[in-house]
Amino acid sequence: MSSEVDQVAGEQTRSGLAKPARPRMKHRSSSGMSMLAHGEPMVWLTGGALAACLLMIVGLLGAVLYFGMSTFVPLPIVQVELIDADPNDDQKRLVTGEITKEEVFDLSAESLLSEEYAVVNRVIEDTVKAIGDENIVANLPTLIENDSEFVRRDLVEAEEKLEYYNEWITTLERELEERIASATAGGRAIEARMAKIRASSDGEELEDYRASFQTFRGKRKALRAQLKGNEDAIAYFNGLTSNSENAATTRTGQPGEGSSEDEEEAETPDQPPSKLQPIFDAPRPAKVAAINALLREQAGMNGEKTVKARRRMFRTGNKSKEVNRPTFEWVADYQMVPGSEERPEWTIVAERMEYGRFYGVPRQFVLRHKRTIDTEEEDLASIIELFDMNLWRAGLDDEKNGEVLNSLEPLREELKSLRKKTIDEFFNGFSVTDNKSIEIVDEGGTVVPLANRDEAKNYVELREVWSTPEIAWAKFEQYHDEVRERLAERYSLKEHELGMVSKRRNDALKELRREELKIDAKLAPIYREKQILEDEMIALEKVGVSSDSDAYQKLSKRFDELTVEAQAIARQSVNLRGLAHDIKQYDDQIEIIDGLIRENDQLGKMAAKRFGEDSVAAGAALEIVKKLNEEKQIERKPPADKVAELRADLEKAPDYVAPTVERFFEVQREADLEDREINENIARITKENSRYLLICDTTTSPAPVTLSLDNIVRAYPANQIDKAEAVGVYGSRWWEFISDDPREANSEGGVLPAIWGTVIMTLIMSIAVAPFGVLAALYLREYAKAGVIVSVIRISISNLAGVPSIVFGVFGLGFFCTGVGSYIDGGPENASWPVLSEGRWFVILAVLAVVSCIAFTLSLSGRVRPGAHATATKRLLQNVSTFVWIAAVCIFAALIVMAPFFRGFYQADLPNPTFGKGGVLWASLTLALLTLPVVIVATEEALAAVPNSMREGSYGCGASKWQTIRNIVLPHALPGIMTGMILAMARGAGEVAPLMLVGAVKLAPELPIALADFSGSVGPIPTGPLHADRSFMHLGFHIYDLGFQSQDSEAARPMVFTTTLLLILIIAALNIGAIWLRNKLRKRFQSGQF
Amino acid sequence: MSTINTTEEQQGVSVSETKTPYSNRLAAIASGEKVPSVIHEAVAREEHTLEISDFNLWYGVKQALFDIELDVPYGQVTSLIGPSGCGKSTLLRCVNRMNDLIGTVRIEGNMELNGDSIYKVGVDVIELRKRMGMVFQKPNPFPMSIFENVVYPLRIDGERNKAVLEEICEKSLRGAAIWEEVKDRLQESALSLSGGQQQRLCIARAIASEPEVLLLDEPCSALDPIATGKIEDLIGELRGEYTILIVTHNMQQASRISDYTALMYLGRLVEYGPTLDIFTKPKLKETEDYVTGRFG
Ligand SMILES: Nc1ncnc2c1ncn2[C@@H]1O[C@H](COP(=O)(O)OP(=O)(O)OP(=O)(O)O)[C@@H](O)[C@H]1O
Ligand SMILES: [Mg+2]
């Protein structure tokens, strides 16, 4: 029996379709069938599918790689001259820039006619040349007729389309009506409604048809108009030929074209004769018809109407504060003067901190030197100024006035000679050389060459000017690095040190706020008790207890006591922050005025000394100063009064806040000093940097443009650099991209904050999702008893993976940011959650204790001996205990959520939210939630894949459940779990939509993690603490922002690809890191260490 | 057939024997009758490590064990034989309560290990399992080093002293007759061992905590004759030191290595007695048929 079976089975395996009779022959004869049987075609089908997938993936990556890598390639600068409409204007119209795009487009008469006259003429000439017809004008009517032929054909087509749509529309309308009518007739409301709903979707279809109908109607109209225009044009050109023939005959008596040509030549000798003049001169409709016909002729008689033309996009840059010009410009070939395209040798590309790229030829490099003014000169000048401005204040009579003025004269002379001497000394330090000229600047800002010096003038500045592109460029290169270094130093001062000082100020302010809150906190319980008393009194009244009764009186007495107490405290509750802040403001004003008074005093004394103590002038000087200071004293009074008033207010606060207030003022004073020092440093650097100027000629503005060196990030003469330098520029752009902050609305500069934002968010997310996911999966797989509930939970979790990510974003915003975040900031009140009164809170705490005890006893008594039969009561006990436990947990949660004692960790910052807004922590948790299903499902699968024999072996050795899980199950499942984590990470890192709601921003002023300070500038290594509350930048969001929100979309588009490339690289790096970790863990766990 | 029945009745050795003669016990068992087991007197004379009394087990609604009465003698090898699916593994797994892991299992009756009830309320299952060692049909070494595999039972007890661990590791490996083969590669993964070596490693693991009883579920079924031979020798060496309960399908093996043999059929114990008696002069015709390979 069994051998028989074997035989049959053997035959079947030899050839699936063979009949038992002649298996071998069949086998040989139909190799195709056998191929089918072996599944040959499936190899190709499956392989093909795989190949298609691979192709798509490789294509995607390839495209991103290509576009992303090419963004930073330095391109040559091309300059072209445009044909100008006005021949009398000798100003060339030049376009200079990098060519970023090139495309071929349809050239049509309509599009051409928006061009300038000269351009159109050139296109006509080119077209005629291409057609190569000598007698073109005479043939025009025929050509136009040809064109009309095509137009008519299009017209017929349009008519057909119109009819088609018309038919559809009528049919649909009829159907719709019928359906609604029948549904309403049926009487069932729901059916009628369904019909309406369906009708409305059909209605949309109908709308589409109607829209198409309208389009074609417009098209038909246009075609008809064109036909009409063509007819008119034919008439026009026919008339023209006969006219000119007539004219020629009448004028010279000699018919023919030659003569008319001669005549034109005679009329306009400086312009070459053109047989095409009639077309150029034709009125617009005739001209359109003619150009259309010509273009059609040139395109060949294949039905095309248009000729292909090429145009290129020039990145022309050169935006500035004054002119917000478009930075990209299309230039079509026919708009260019033939042969005008060149690559100017000295045009440089400058990438500026502000206003993006700049293209221009260096014209001059200017180095400014300020003349140092010594104290002697300064004193003299200020004394003279004091008298010049304020002599009337002294209130002297004319005689004395004259005397004072006379005694001023020697001073003036002294100042003049002193100035001349110092200016001479200063100027002698510089000399004009072959390639350097010198310019000097006087007080009024007038610039003249050194040779034109006016001895009488007060020159304050000297400029060394290098005036050829080569030298200007060389000088630029010489000074640029040091200027940039200083700029970095300034940046660090501004961003870090000033930031630190202002943080100290804020902390002091917060300290005050805390004191305020302490006072307010005393009020809260009083108000609460008052509220309770009031309720009780009202209750008493309701049950009819008279207000004279003892009970009522007792309550009302207590109520009054509380009111008094509350008033006493409320009086102490002053606006500390506001007062302190205002006092500080007025103090500052007073200090400034005092400073001026002191200066005036000094000046008066100095003048008196100079003129001799008893002289009239000395008296006048002292008088003037007295008057001036009197005025200042009047100015000083209001702020001083105000300060006194505010101080009095401050006294009302309880005594113990006084030290805090004093500390506040002290901190402010210290901070002022530090601020001053830092600002001085910043000013010094700014001044030093403003000495270097590069002046460039551009094709975008008639006047030369002055560039400040510290505004230039990087510059290079694009048409001169060799390969190595190009690579250098390319590399430096990449380095800037990954190590710097963005500028120019994110379309230039770097993405360092976005990189760190992405990385930190992903890491926090992974750290958050791992324990939750793994523990949940462990419970589901190892602990939960299989049943309906577990299956439902499992299915829900899997489905959670399919929920659109924006939904998680909304949840994150609602739950984390405005819920939990606000709770952390300022307690339940701030989160607008209900708050319990203290008494109730303790009552509920007691309830919780009781409920927990009950739950505990229930679950103890509900335990069943393993293997034994669970009786109905036991099962009931188990279920009840579960519910009681759940209730206990709920009560516990409610106790925490509604705790009246908790007033938040960041109350002093309110109303500015700390955690109660989007931030990196909430974004991470939102994404953790989003990726939770991935982790749970992967972990569950990994756990399920652990063979049961392993578990049994472990149990057999006497291991407990947890020991088995920890030592056997988890290590075994770890690779699978890590794979799940990696998937989750990849998904989370690339997610953008939810982030927009929970904390990703276009530009974050501060990173969520502090970075190391690197020779003055910010470096890419994180050192500082994590600020989980800060909003952050994210590469994905950055891409969205660049691609869709950017004003300068042309400039932003290349950055989209580069940022995408970076995002992919970072996700890959994170994944590689995770894989490395997985392998390491696998080795560690599987080597059996505990 | 009838002759054997009469002999049995005449001798009247079985305590639990009823007077009802069975024309065919197996058919009777199959039809669900409550057929009592035939237990030789020799069993009662031994000192017992494990006593199974009146034990029933259900997988859900399906009963897999019926009224099992089985006393396993101390320091001897007892083998369980019977056709596939008769409940040998189930019974074995019940001894160290491995069946707790299956949610649907319900039991009645009791077992006692050296006088301590196994199925009493409040018994610490973990402690209980530590007093037994179990070896499964398929070798199941953990994916760790050989050393860690052997000392796993001690590790989970929290033993950290390296010297103690090493000593016990060597002792157990020697006990399992595999020391010579693995002594130089203790830190290698246990998965690199051959099937036979793995099984002996599992035995070493099972005896590392010096259990009171060793439960072996077809330990040789996945092994070649040489490896089987080694394991059989090993069991021979362990006799006297450990009480061993072994499930096997191999009659020769059962006769070679065991002192006592129990035959089961469809969840019932059919006959239980000294191996020599079972194989040479069984009280039941059915037993003789089974051991000589005439049915099953
Ligand atoms: N987990 C389980 N759930 C339900 N029924 C089970 C389960 N395990 C075993 N059984 C059933 O219990 C009976 C006894 O099975 P057991 O594994 O004990 O047989 P066995 O004697 O060991 O057989 P074999 O010699 O083939 O190993 C069989 O009918 C089997 O189908
Ligand atoms: Mg079995």
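Residues numbered from 1 in each chain as written. Chains lettered and ligands numbered in written order. Predicted model: local features only at pLDDT ≥ 70, side-chain atom pairs only at ≥ 80, totals over all residues. Heavy atoms only, no water.

1. Digging into the site of ligand 1
All names here are of chain B.
Part 1: Lining the immediate environment of ligand 1, one finds 13 residues, of which Ser-84, Gly-85, Ser-89, Thr-90 and His-249 sit closest.
Part 2: Note that an oxygen atom of ligand 1 is positioned 2.8 Å from one of the backbone N or O atoms of Gly-85.
Part 3: Relative to its unbound accessible area of 630 Å², ligand 1 is 63% covered by the protein chains.
Part 4: Every element with two or more residues in the shell around ligand 1 is listed here: strand S3 (62-73) and helix H4 (88-95).
Part 5: Take the shell around ligand 1: its biggest share by element is three residues, from H4.
Part 6: Tallied by class, the residues present in the shell around ligand 1 amount to four nonpolar, six polar and three charged. (Near = heavy atom within 4 Å. Polar contact = N/O pair within 3.5 Å; in protein donor to acceptor, adjacent residues only side chain to side chain. Areas by Shrake-Rupley, 256 points an atom, 1.4 Å probe, with all protein chains shown as cover. Helix = DSSP H or I, 4+ residues; strand = E, 2+ residues; numbered from the N terminus. Nonpolar A, V, L, I, M, F, W, Y, C, P; charged D, E, K, R; others polar.)

2. As for the sheet that holds strand S7 (residues 132-135) of chain B
Residue and element names in this part refer to chain B.
Part 1: Here seven strands make up an open sheet; going across it, the order is S1-S11-S10-S4-S9-S8-S7 and the pairing mixed. In this open sheet, the two edge strands, each paired with only one partner strand, are strand S1 (38-39) and S7.
Part 2: In this fold H4 packs onto strand S4 (77-81), S7, strand S8 (213-217), strand S9 (243-247) and strand S10 (260-265), with an angle of close to 150° to the strand it touches most, S8. (Pairing = 2+ DSSP bridges. Contact = heavy atoms within 4.5 Å. Axes fitted to C-alpha atoms, helices over the stretch in contact; angles between N-to-C directions.)

3. A few points about the pairing of strand S12 (residues 712-716) of chain A
All names here are of chain A.
Part 1: The element S12 is extensively covered by neighbouring structure, given that five of its five residues are classed as buried.
Part 2: Examined bridge by bridge, strand S5 (residues 348-352) and S12 share four bridges and lie antiparallel to one another. Considered in S12, the bridge of Glu-351 is made with Arg-714. (Buried < 20%, exposed > 50% of the residue type's maximum accessible area, 1.4 Å probe, protein only.)

4. Let's talk about the packing of aromatic side chains
Residues and elements named next belong to chain A.
Part 1: Counting across every chain of the model gives 35 aromatic pairs over all chains.
Part 2: With 4.9 Å between their ring centres and 40° between their planes, Tyr-479 and Tyr-692 make a pair best called tilted. Taken together, the residues span a long stretch of sequence, with Tyr-479 in helix H14 (residues 469-542) and Tyr-692 in strand S10 (residues 692-697) at a distance of 213 residues. Tyr-692 shares its class with Tyr-479; the two are buried.
Part 3: Ring centres of Tyr-823 and Phe-902 lie 4.9 Å apart, and the angle between their planes is 40°; this geometry places the pair in the tilted category. (Phe/Tyr/Trp six-rings, centres within 6.5 Å; stacked < 30°, edge-to-face > 60°.)

5. Some words on the nonpolar core
Soluble globular proteins tend to bury their nonpolar side chains together.
Part 1: Leu1035(A) and Leu1062(A) are the most contacted members of the largest nonpolar core, which has 59 residues in total.
Part 2: At the level of secondary structure, the elements contributing two or more residues to this core comprise helix H19 (723-739), helix H20 (752-783), helix H22 (805-830), helix H25 (920-944), helix H27 (961-989), helix H28 (993-998), helix H29 (1035-1045) and helix H30 (1049-1086) of chain A.
Part 3: Excluding residues that lie within four positions of it along the chain, Leu1035(A) makes contacts with Val751(A), Ala754(A), Ile755(A), Thr758(A), Thr1059(A), Leu1062(A), Leu1063(A) and Ile1066(A).
Part 4: Residues Met111(B), Leu128(B), Leu245(B) and Val247(B) belong to the second largest nonpolar core, which totals 39 residues. (Core = buried A, V, L, I, M, F, W, Y, C linked by side-chain atoms within 4.5 Å.)

6. Digging into the pairing of S3(B)
All names here are of chain B.
Part 1: Relative to S3, strand S2 (residues 48-59) runs antiparallel, the two being bridged by eight bridges. Residue Ile-52 lies in a different strand from S3, and its bridge partner there is Leu-70.
Part 2: Here S2 hands over to S3 after two residues, with Gly-60 in that stretch at a positive phi of 65°.

7. What to know about the confidence of the model for chain B
All names here are of chain B.
Part 1: Across chain B, pLDDT averages 83, with 92% of residues at or above 70.
Part 2: Put simply, helix H1 (residues 2-11) is where chain B has its lowest mean pLDDT, 40, and S4 is where it has its highest, 92.
Part 3: Here residues 1-19 scores under 50 on pLDDT; set against residues more than four positions off or in separate chains, the count is 29 contacts.
Part 4: Complex prediction metrics read pTM 0.75 and ipTM 0.87. (pLDDT = per-residue confidence, 0-100.)

8. A short note on unusual backbone geometry
Residue and element names in this part refer to chain B.
Part 1: For Glu-218, which is not a glycine, the phi torsion comes out positive at approximately 45°.
Part 2: Non-glycine residue Leu-266 carries a positive phi angle of around 45°.
Part 3: Looking at where Leu-266 falls in the secondary structure, it is placed in the loop between S10 and strand S11 (268-274).
Part 4: What makes Leu-266 partly exposed here is its relative accessible area of 40%.

9. As for the sheet that holds strand S1 (residues 77-82) of chain A
All names here are of chain A.
Part 1: Pairing in this open sheet of four strands is antiparallel, and the strands run S1-S2-S3-S4 from one edge to the other. Whereas interior strands pair on both sides, the edge strands pair on one side only; in this sheet they are S1 and strand S4 (328-332). Taking the axes of each pair of neighbouring strands and ignoring which way they run, one obtains an average angle of 45° across the sheet.
Part 2: Of the strand pairs in this sheet, strand S2 (residues 93-107) and strand S3 (residues 307-315) are connected by nine bridges, and their pairing is antiparallel. The partner of Phe-105 across the bridge, within S3, is Ala-309.

10. As for the interface of chain A and chain B
Part 1: In this assembly, 26 residues from chain A lie in contact with 30 residues from chain B.
Part 2: Around 2400 Å² of area is buried between chain A and chain B when both sides are counted, 62% of it from carbon and sulfur atoms.
Part 3: The tally of links from chain A across to chain B stands at one salt bridge.
Part 4: Measuring nitrogen to oxygen at the nearest pair gives 3.0 Å for the salt bridge that ties Glu952(A) to Arg93(B).
Part 5: Taken together, chain A and chain B are joined by four residue pairs in polar contact (both at pLDDT 80 or more).
Part 6: Of all the elements in the fold, those that place two or more residues in the side of chain A that touches chain B are helix H26 (948-956) and H27 of chain A.
Part 7: Here the side of chain A that touches chain B takes seven residues from H26(A), the largest share from any one element.
Part 8: Per-class residue counts for the side of chain A that touches chain B are eight nonpolar, 16 polar and two charged. (Buried area = accessible area lost by both parts, 1.4 Å probe. Salt bridge = Lys/Arg side-chain N within 4 Å of Asp/Glu carboxyl O.)

11. A look at the side chain of Arg93(B)
Part 1: Here Arg93(B) shows up in helix H4.
Part 2: In this structure, Arg93(B) is in contact with Glu952(A), Met98(B), Asn99(B), Ile102(B), Met134(B) and Phe136(B), ignoring residues within four places of it in sequence.

12. Notes on the pattern of salt bridges
Residue and element names in this part refer to chain A.
Part 1: All told, the structure shown has 80 salt bridges over all chains when counted by the stated rule.
Part 2: We note a salt bridge from Arg-152 to Glu-149, for which the minimum N-O separation is 3.2 Å. Linking Arg-152 with Glu-149, this pair stays in helix H7 (residues 136-186), spanning three residues, or about one helical turn.
Part 3: With relative accessibility at 31%, the residue Arg-152 sits in the partly exposed group.
Part 4: Classification of Glu-149 as partly exposed rests on a relative accessible area of 43%.
Part 5: Among the salt bridges present, the one from Arg-453 reaches Asp-424, with a minimum N-O distance of 2.8 Å. With a gap of 29 residues between them, Arg-453 in the loop between strand S8 (447-449) and strand S9 (459-466) and Asp-424 in helix H13 (residues 398-428) connect regions that are remote in the sequence.
Part 6: Put simply, Arg-505, Lys-584, Asp-588, Asp-672 and Asp-675 are held in one network by salt bridges that share partners.

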